[in-house]
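Spelled out from the first residue to the last, the chains are:
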Amino acid sequence: IFYSAIILLTKYDTIYIGTPTWANNPTPAIITLIDRCDLRGKDIVLFTTTSTSDGESALEKMEMKVRARGARVVQQFSVKTKDKSLVLRHSTIDH
């Protein structure tokens, strides 16, 4: 049996979407979530958790997906779990 959850985001202006990285990629579950949400007109903050990489590849893939869904990426960052450091990714904000 497959259950499909409906996620209503209409009352939110800014949405944080995060994932651990798997081989420098976002998890399949978060990509499925992005693909199923209506993100038109939303401001999105993307983040990853990673042990060794800077999360750049995963963030790029997530950014491409959310932009295709009509959202605006306003900030991106990764948290390195190995040393607990924060890596900010500079991104251009769409206006």
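All values derive from a computational prediction rather than experimental measurement. (Residues numbered from 1 in each chain as written. Predicted model: local features only at pLDDT ≥ 70, side-chain atom pairs only at ≥ 80, totals over all residues. Heavy atoms only, no water.)

### A closer look at the side chain of Glu-63
Here is step 1 of the chain: Tracing the chain through its elements places Glu-63 in helix H2 (residues 56-68).
Here is step 2 of the chain: The class of Glu-63 is buried, set by a relative accessible area of 14%.
Here is step 3 of the chain: The contacts of Glu-63, once residues within four sequence positions are left out, are Leu-46, Val-73, Gln-76 and Arg-89. (Helix = DSSP H or I, 4+ residues; strand = E, 2+ residues; numbered from the N terminus. Buried < 20%, exposed > 50% of the residue type's maximum accessible area, 1.4 Å probe, protein only. Contact = heavy atoms within 4.5 Å.)

### Here's the deal with the pairing of strand E1 (residues 14-22)
Here is step 1 of the chain: In this structure, E1 lies alongside strand E3 (residues 43-50), joined through seven bridges in parallel fashion. Its bridge partner being in E3, Ile-15 is matched across the sheet by Ile-44.
Here is step 2 of the chain: Relative to strand E2 (residues 25-26), E1 runs antiparallel, the two being bridged by two bridges. Residue Trp-22 lies in a different strand from E2, and its bridge partner there is Asn-25.
Here is step 3 of the chain: Counted along the chain from E1 to the antiparallel partner E2, the turn is two residues long, and its residue Ala-23 has a positive phi close to 50°. (Pairing = 2+ DSSP bridges.)

### Re the nonpolar core
Here is step 1 of the chain: Ranked by internal contacts, the top residues of the largest apolar core, which has 15 residues, are Ile-15, Ile-17, Ile-34, Leu-39, Ile-44, Leu-46 and Val-66.
Here is step 2 of the chain: Where this core is concerned, the elements lending two or more residues are E1, helix H1 (28-36), E3 and H2.
Here is step 3 of the chain: When residues no more than four places from it in sequence are discounted, the contact partners of Val-66 are Ile-17, Ile-34, Leu-39, Ile-44, Leu-46, Ala-71 and Val-73. (Core = buried A, V, L, I, M, F, W, Y, C linked by side-chain atoms within 4.5 Å.)

### Details of the sheet that holds E3
Here is step 1 of the chain: If you walk across this open sheet you meet the five strands as E2-E1-E3-E4-E5, and the pairing is mixed. Taken across any chain shown, the strands that pair with only one partner, and hence form the sheet edges, are E2 and strand E5 (85-89).
Here is step 2 of the chain: By the bridge criterion, eight bridges tie E3 to strand E4 (residues 72-80) in an arrangement that is parallel. Counterpart to Thr-49 in the pairing with E4 is Val-79.
Here is step 3 of the chain: Packing against the sheet, H2 makes contact with E1, E2, E3, E4 and E5, and its axis sits at approximately 155° to E3. (Axes fitted to C-alpha atoms, helices over the stretch in contact; angles between N-to-C directions.)

### Here's the deal with the pattern of salt bridges
Here is step 1 of the chain: Tallied over the entire structure, the rule returns four salt bridges.
Here is step 2 of the chain: For the salt bridge of Asp-35 with Lys-65, the shortest nitrogen-to-oxygen distance reads 3.3 Å. Of the two residues, Asp-35 is situated in helix H1 and Lys-65 in helix H2; the sequence distance between them amounts to 30 residues.
Here is step 3 of the chain: Under the relative-accessibility criterion, Asp-35 is labelled partly exposed at 35%.
Here is step 4 of the chain: On the basis of relative accessibility, which here comes to 26%, the residue Lys-65 falls in the partly exposed class.
Here is step 5 of the chain: The partner of Arg-40 in a salt bridge is Asp-38, with the nearest N and O atoms 2.6 Å apart. (Salt bridge = Lys/Arg side-chain N within 4 Å of Asp/Glu carboxyl O.)

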